[in-house]
Amino acid sequence: MRRVPPRTLLPHAACAAALLTVVTGCGLLSDGDDASGPALSAPLGVTAQAGSATSVHVMWNRPTNPTDITGYEVYQGSERVRELSADQHMVDVTGLRPKSRYVFTVRARGKDDTLGPAGRKVTVTTPAAVAADRSAPTRPTALRGTVAGGRAVSLSWRPATDDKGVVSYDVYQGTTKIHSVGGTETRALLTGLRPGTAYAFRVRARDAADHTSPPSDVVRLTTGGGKDEGSGTAPDDFRATARRADGAYYLDLAWTPPRTGGEVPAYQMYLDGKQATTVAWGESAPQDAAKYSFYVGEEAGARYRVKIRAQLPDGTWGAFSPERTVVTGG
């Protein structure tokens, strides 16, 4: 797949000399939204995961301004396919074609039946149908969980087996499905939880024929009392160096994306304690290693403190990486 270059959002004044594409209303910028904007903002963290050859599980997080929301509308391309109540943030879209590409987005609906802006478009391809598949996957085993702060937990398990292949894993809180990851994943990061709250989770595997495995054993976790996002949501192995090119200095950043069980669509860069820029990838966000460079000026010997944080699949922002200090021309 062709890699889509990152887009740069909300440039810092120091970056204004660079040619940047400013994107608004895409559901990515949850911090500092313009209070004079629309009454309804876009749903955050829209994701889609193929659940079988004929179904896709669409998930999202509530908008930053949830005032007067009465429901949500889910769109497949330009066609509205589902209407849901305000307390629902996920849905299975069924009756799809195997081995087909679909684009989904979600809009919030207000009390006066007006619609807010669409969240980000997400693309998913259903797997090929498998003939004569009558067997469900085996149950996932060795489910483990760790608390990742007051608002997140991380789950991991041993993979299930299936004669035709596992397409997805569904995470359940009690008897309610709350999350899905791809069939090659054996972990999931669950965010947006309540601090100091006890949870019980199970995992079930699903194949292309929509057969579901028996549930795994239950894992019980209690989130921490604070409101921190948890170190497990932070980018790992974060590095920053200064580079001179064409008479100016740039900061070269490199890191490993956090393991979330889903795509990390964007990162916020902070310079000297203030947000400098937000970088968003298109359909092909980096999975194993990420790099980004940005302009900081022409002065040699200038000292900068830089750190980053990831936007998690549910639209919330994760914990910050360690802060690095860089000196230009040093």
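Residues numbered from 1 in each chain as written. Predicted model: local features only at pLDDT ≥ 70, side-chain atom pairs only at ≥ 80, totals over all residues. Heavy atoms only, no water.

### Concerning the packing of aromatic side chains
How we decide: Between 30 and 60 degrees the pair is tilted, below 30 it is stacked and above 60 it is edge-to-face, where a pair is any two Phe, Tyr or Trp rings, Trp via its six-membered ring, whose centres lie within 6.5 Å. Comment: elements are numbered from the N terminus, with helices defined as DSSP H or I runs of at least four residues and strands as E runs of at least two. Partly exposed describes any residue whose relative accessible area lies between the buried limit of under 20% and the exposed limit of over 50%, with all areas from a 1.4 Å probe on protein chains only and scaled to the type maximum. Working rule: Lys NZ or Arg CZ, within 6 Å of ring centre, within 35 degrees of ring normal, means a charge sits over the ring.
Across all of its chains, the model carries eight aromatic pairs by this definition. Aromatic side chains Trp157 and Tyr169 sit 5.4 Å apart centroid to centroid with 55 degrees between the ring planes, which places their arrangement in the tilted category. Of this pair, Trp157 sits in strand β10 (residues 153-158) while Tyr169 sits in strand β11 (residues 166-173); the two residues are twelve residues apart in sequence, bridging distant segments of the chain. With respect to class, Trp157 is no different from Tyr169; both count as buried. Judged by centre distance (5.7 Å) and plane angle (15 degrees), the rings of Tyr199 and Phe201 are stacked. A residue is classified by how much of its surface remains accessible, and Phe201, at 0% relative accessible area, is buried. Against the face of Tyr172 rests Arg204, its NZ or CZ located 5.8 Å from the ring centre. Over the ring of Tyr270 we find Lys307, and its NZ or CZ is 6.0 Å from the ring centre.

### So, the side chain of Gln268
Here is the rule we go by: Counting of polar contacts relies on pairs of N or O atoms within 3.5 Å, with two restrictions inside protein: one atom must be capable of donating a hydrogen and the other of accepting it, and residues adjacent in sequence are counted only when both atoms are side-chain atoms.
Following the sequence through the fold, Gln268 ends up in strand β18 (residues 266-271). At 2.7 Å, the side chain of Gln268 and the side chain of Arg309 are in polar contact.

### Quick look at the confidence of the model for the protein
What counts here: Every residue is assigned a pLDDT by the predictor, reflecting its confidence on a scale from 0 to 100. Two residues form a contact once any of their heavy atoms are found within 4.5 Å.
Overall, the predicted model of the protein reaches an average pLDDT of 81, with 83% of residues at or above 70. No element of the protein has a lower mean pLDDT than strand β1 (residues 7-9), which averages 44, and none a higher one than strand β23 (residues 324-327), which averages 95. Contacts for the low-pLDDT stretch residues 7-37, under 50 throughout, to residues beyond four places or in other chains number 61 contacts.

### What to know about the sheet that holds strand β16 (residues 236-245)
To keep things clear, this is the line we draw: Strands are treated as partners if at least two bridges between them are detected by DSSP. In this description, a line fitted to the C-alpha atoms serves as the axis of each element, helices being fitted only across the stretch in contact, and the angle between N-to-C directions of two axes falls anywhere from 0 to 180 degrees.
If you walk across this open sheet you meet the three strands as β16-β17-β20, and the pairing is antiparallel. Edge positions in the open sheet fall to β16 and β20 (290-297), since each of these has one partner strand only. Averaged over all adjacent pairs, the angle separating strand axes in this sheet is 20 degrees, with direction ignored. Here β16 runs beside strand β17 (residues 248-256); their pairing, made up of eight bridges, is antiparallel.

### Looking at the sheet that holds strand β9 (residues 141-147)
Spatial strand order, β9-β10-β13: three strands in an open sheet with antiparallel pairing. Looking at which strands have only one partner, the edges of the open sheet turn out to be β9 and β13 (187-190). Neighbouring strand axes in the sheet, compared pairwise and without regard to direction, differ in orientation by 15 degrees on average. For β9 and β10, the ladder comprises five bridges, and the chain directions are antiparallel. Its bridge partner lying in β10, Thr141 is registered against Arg158.

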